[in-house]
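Residue-level listing of the chains:
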Amino acid sequence: MSASAIDRAVESFAAEVGIEGPVTVTGLGSRGGPVPDVRTVVAPSGIDWIQPAEMTIGCGAGTPVEEVEAALAEHGQCLAIPDGGTIGGMLAVGRSGIRRLGWGPVRDTVLQARYVSAKGEVVKAGGPTVKNVSGFDVCRLLVGSQGTLGFLADVILRTRPLPVGERWFTSDRDPWELLGCLYRPTSLLWDGGTTWVLLDGHGDDLVQQAELGDLVAVDGPPPLPPRRWSLPPSELGGLTTHRPGPFVAEIGVGVVHHTQAADEVAVDPTVRALHGRIKHEFDPTGRMNPGVDVLAIV
Amino acid sequence: MTTPLVARLRQRLRPDQVRDGAAEVSLYRRDASNLSGHPAVVCFAESTGDVQAIIQVANEFDVSFVPRGSGTGLAGGAVPPTGSIVVATSKMNRIISVDPVNRMAWVEPGVLNLDLSTQIAHLGVHFAPDPSSQQTCSIGGNVANNSGGPHCLADGVTSAHIHAIEVVLPDGSVTVLAGEDPEPTGYDLRGVFVGSEGMFGVATKVCVKLTQNAPDVATMLLDFADVADGAQLVSDIIADGIVPAAVEMMDQLCLRAVEEFIHAGLPVDQAAALLIEVVGLPASVASQIERIRELATNRNVGTIRVAADDAERALLWKGRKSAFGAIARIKPNYYLHDTVVPRHKLPEVLASVYEIASRHELLVLNVFHAGDGNLHPLLVYDAREPGAVERVHAAGDEIVRVSVAAGGVLSGEHGIGLEKRDLMPLMFSEVDLAAQSDLRRAFDPKMLSNPDKVLPSPAGCGDIHSVPEGAWV
């Protein structure tokens, strides 16, 4: 898309969002979909540009993740994000993939975002460069905000080089021992008995690391149970004794994929009040994704 | 005479923590920028309770306050508003706990950046953000400014290294933003607080991410007869899929100043040098060095010097990090700028920087984070020369404008503070700025926490780069 075409698409998205009445945004529906029985809008889709030497990409928030990853792969690059759905949905939900240990959380991929506010205006947050501290970090406010503060229209994301030689392994060794002795594994998964390790890098290094950790090559990670918990990584050891049910825990990170729903988390009233004030400032009439409570989502 | 404000603060804290003597207060009038203000009183907090007490008093008296770490900020972010309370956190300098297995630590905001890494070095980990001021800057200041440093190219700036923050909000309430767990429910208030330049409250404890030390490190110095070749190599390396731990550039004037200062055998006859560091496992490091050599050859590199040992590596880094000390040999004063441009625009923007400096009859040294496109032009001058200060400001203003026009941003790591507050409209529309202002109001409805920074007042939008009231250049 040309610059003017992107701007037109963003403007027309803003017009669709409008200035009043409840409205919800949808992508591919892979992360829960829109709020039911509310007027639905769809963000612009399409890749605006890729700048491999900048390690950045600009695209509409409605662009499928798959499309973006395929286009970046042609330049030997990728994003530190999980598969599936649209870029906007992935960011609005804010959950990272199983490579978070090595690649970092999805929130760190967003450099700039334009979003449509509750007033129907196009607002820019952040900036196009990989390093930027100009103004408050509204981009990070938007990631994980479930579309309750504004709807993402288009974004500039930071890319990373494609892995040069990723390989999955398993080991019977204690996962924390592996976390200590291996050099920056991309992922360390543990089901209470077996540890899965994802390593990337030069072949000779992988051989040396595999010896160091008594690692055995396998085809891939274990299947992940459907529910998701967020625990301090220091508490993962207690999973085998205190919490029944099959699980796969991300060691060093704290995400637990479990068969059972997570416990409800008590929210500090001060944090709740601050959420209320932010929501009120950004969406005083509560028209954006009405009924979604970001503090109730587990 | 003791004012009611000071008397009340002395009731809430120990009297010796509250200083209002003219000489002491004057020490806190400025940070490392050349802006200054007039605080009413300086309070030395020693605990979260102290910070809370100070902020409660500020609310009682409807007086603004400004959090302060080491005062090394370069954009006037810690310059106190007239009549304000300075909340100095320098005495809150304990490392509270370290979890070397899961690689996180809780620290107080006054812990110095380098002290943290030094004290945990035996555990094989470090705190990755490494601003050039790291010997003196505090973690709390790093959080407020979302500080960077040479090694943020691969590992990201401060925001990527903060798990959670205990804060005293501007209304005096205490809470923890985010947590040790990876996906706390709700908005990313941690991410929003980082880089808020003291305007969203005061950080009282910080949970930082610790980064595993690399088993192998290679540091190389490459020199070029043409600055543009060096700048272009930076893009070539990244486009090739290599993200070094650091890529720093020094131009000839800088190389000469530093060489006279530290005698490291720097290539003083060349136009520029790149300091590149690659870290990781041995085979990966070796193959990346080899590939960088090939790419550099295609860009007419002069000599390539690879540090033979830790001592030589330390010497090369000392050259980079002591650049600001070395320039005192050229002229007594300097003004350091901080903008970011897309990497591929480096050659063009650098050429503009030289042209601007020359037109204003100023000397400019460039020493900067080339890998991030983060420029740090240093304008050196003698403030005693008539008109020099005015020329420095005019040139600086042009450099910022050229950077933004090239698709860049106002600041890469120093922040906006007072210095660039009135330049914000170069990057953001009124609607964009209103959203930032809304966020600020949600955290601080009474606007008591470090007011008048970052966001231009609406009336000032057409009056770009005026000198803020209560501060002078």
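Residues numbered from 1 in each chain as written. Chains lettered and ligands numbered in written order. Predicted model: local features only at pLDDT ≥ 70, side-chain atom pairs only at ≥ 80, totals over all residues.

Scanning chain A from N- to C-terminus turns up 9 helices and 16 strands. For chain A, the C-alpha radius of gyration of 21 Å lies close to 19 Å, the compact-globule estimate for 298 residues. For chain A, the spread of C-alpha atoms along the three principal axes comes to 60 × 45 × 35 Å. Counting all 298 residues of chain A, 51% fall into the buried class. The contacts in chain A between residues at least 6 apart in sequence include a share of 66% that link residues at least 24 apart. (Helix = DSSP H or I, 4+ residues; strand = E, 2+ residues; numbered from the N terminus. Rg over C-alpha atoms; globule rule 2.2 N^0.38 Å. Buried ≥ 20, exposed ≤ 12 C-beta atoms within 10 Å, placed from the backbone. Contact = placed C-beta atoms within 7 Å.)

Of the regular secondary structure elements, chain B holds 15 helices and 20 strands. Radius of gyration (C-alpha) of chain B: 22 Å, near the 23 Å computed for a compact globule of 473 residues. Projected onto its principal axes, the C-alpha coordinates of chain B cover approximately 70 × 60 × 40 Å. Here chain B, with 473 residues, has 58% of them falling under the buried criterion. The contacts of chain B with a sequence gap of at least 6 include a subset with a gap of at least 24, amounting to 72%.

Residue and element names in this part refer to chain B. Taken in spatial order, the 4 strands make up an open sheet running β1-β2-β4-β3, and their pairing is mixed. One side of each edge strand has no neighbouring strand; the edge strands of this open sheet are β1 (18–19) and β3 (65–68). Relative to strand β2 (residues 41–44), β1 runs antiparallel, the two being bridged by 2 bridges. Paired with R19 across the strands is V42, a residue of β2. Where helix α1 (residues 4–12) meets the sheet, its contacts fall on β1 and β2, and the angle it forms with β2 comes to roughly 10 degrees. (Pairing = 2+ DSSP bridges. Axes fitted to C-alpha atoms, helices over the stretch in contact; angles between N-to-C directions.)

All names here are of chain B. Taken in spatial order, the 7 strands line up as β15-β12-β14-β13-β18-β20-β16 in an open sheet, and their pairing is antiparallel. Here the strands that pair on one side only, and so sit at the sheet edges, are β15 (301–306) and β16 (333–336). Across this sheet, the average inter-strand angle for adjacent strands is 20 degrees, counted without regard to direction. Where strand β12 (residues 216–224) meets β15, 4 bridges bridge the pair, whose relative direction is antiparallel. Pairing of L221 across the sheet is with R305, part of β15. Strands β12, β13 (246–251) and β14 (272–280) of the sheet are contacted by helix α8 (residues 227–239), whose axis makes an angle of about 20 degrees with β14. Lying over the sheet, helix α11 (residues 310–321) contacts β12, β13 and β14, oriented at roughly 55 degrees with respect to β12.

A word on the nonpolar core. A:L152, B:C43, B:I54 and B:V87 are the most contacted members of the largest nonpolar core, which totals 199 residues. Discounting residues that sit within four places of it in the chain, B:V87 has contacts with B:C43, B:A45, B:V51, B:I54, B:F65, B:V66, B:P67, B:R68 and B:V202. In terms of nonpolar packing, the next biggest core, distinct from the first, is built from 26 residues, A:I98, A:W190, A:L198 and A:V253 among them. (Core = buried A, V, L, I, M, F, W, Y, C linked by C-beta atoms within 7 Å.)

On average, residues of chain B score 94 in pLDDT, and 97% of them reach the 70 mark or higher. In this model residues 459–473 of chain B is a low-confidence stretch, pLDDT under 50, and it forms 32 contacts with partners more than four residues away in sequence or in other chains. (pLDDT = per-residue confidence, 0-100.)

If you look at the interface, chain A gives 66 residues, while chain B gives 70 residues. Those elements that provide at least two residues to the side of chain A that touches chain B are β7 (122–126), α5 (138–142), α6 (175–181), α7 (203–212) and α9 (269–282) of chain A. The element that contributes the greatest number of residues to the side of chain A that touches chain B is α9(A), accounting for 8 residues. Residues that form the side of chain A that touches chain B fall into these classes: 31 nonpolar, 19 polar and 16 charged. (Nonpolar A, V, L, I, M, F, W, Y, C, P; charged D, E, K, R; others polar.)

Residues and elements named next belong to chain A. Splitting chain A by domain gives domain 1 (3–162) and domain 2 (167–258). Distance between the C-alpha centres of domain 1 and domain 2: 30 Å. Counting residues at the interface gives 6 residues for domain 1 and 11 residues for domain 2. (Domains from an automatic or database assignment.)

Residues and elements named next belong to chain A. Alternating positions in strand β10 (residues 167–171) separate cleanly, R167, F169 and S171 being buried on one face and W168 and T170 remaining unburied on the opposite face. With 5 bridges joining them, β10 and strand β12 (residues 195–199) adopt antiparallel strand pairing. Counted as the bridge partner of R167 is L199 from β12. As paired strands, β10 and strand β13 (residues 216–218) are joined by 3 bridges and run antiparallel to one another. Opposite F169, over in β13, you have A217 as the bridge partner.

Moving on, we get to the environment of A:L178. All names here are of chain A. Within the element layout of this structure, L178 appears in helix α6. Judged by the 23 C-beta atoms lying within 10 Å of it, L178 falls in the buried class. Once you skip the residues sitting within four places of it in the chain, L178 turns out to touch S171, R173, L188, T195, V197 and G213.

All right, on to the domain arrangement of chain B then. Residue and element names in this part refer to chain B. In terms of domains, chain B is made up of domain 1 (4–88), domain 2 (95–212) and domain 3 (214–326). Each of domain 1 and domain 2 has a C-alpha centre, and the two are 22 Å apart. Each side of the interface is counted separately: domain 1 has 15 residues, and domain 2 has 21 residues. Across the side of domain 1 that touches domain 2, the residue classes break down as 6 nonpolar, 9 polar and no charged.

Between α9(A) and helix α15 (residues 430–443) of chain B, the least distance of the axes is 8 Å, while the angle of their chain directions is 150 degrees. For the element pair α9(A) / α15(B), the angle class is roughly antiparallel. As α9(A) packs across α15(B), the resulting crossing turns out to be right-handed. Contacts from A:L274, A:R277, A:I278, A:E281 and A:F282 of α9(A) reach α15(B) at B:D438, B:L439, B:R441 and B:A442. When the residues that make up the contact of α9(A) with α15(B) are grouped by side-chain class, the tally is 5 nonpolar, no polar and 4 charged. (Parallel < 35°, antiparallel > 145°, perpendicular 65-115°, else oblique. Left-handed = near helix turned anticlockwise from the far one by under 90°.)

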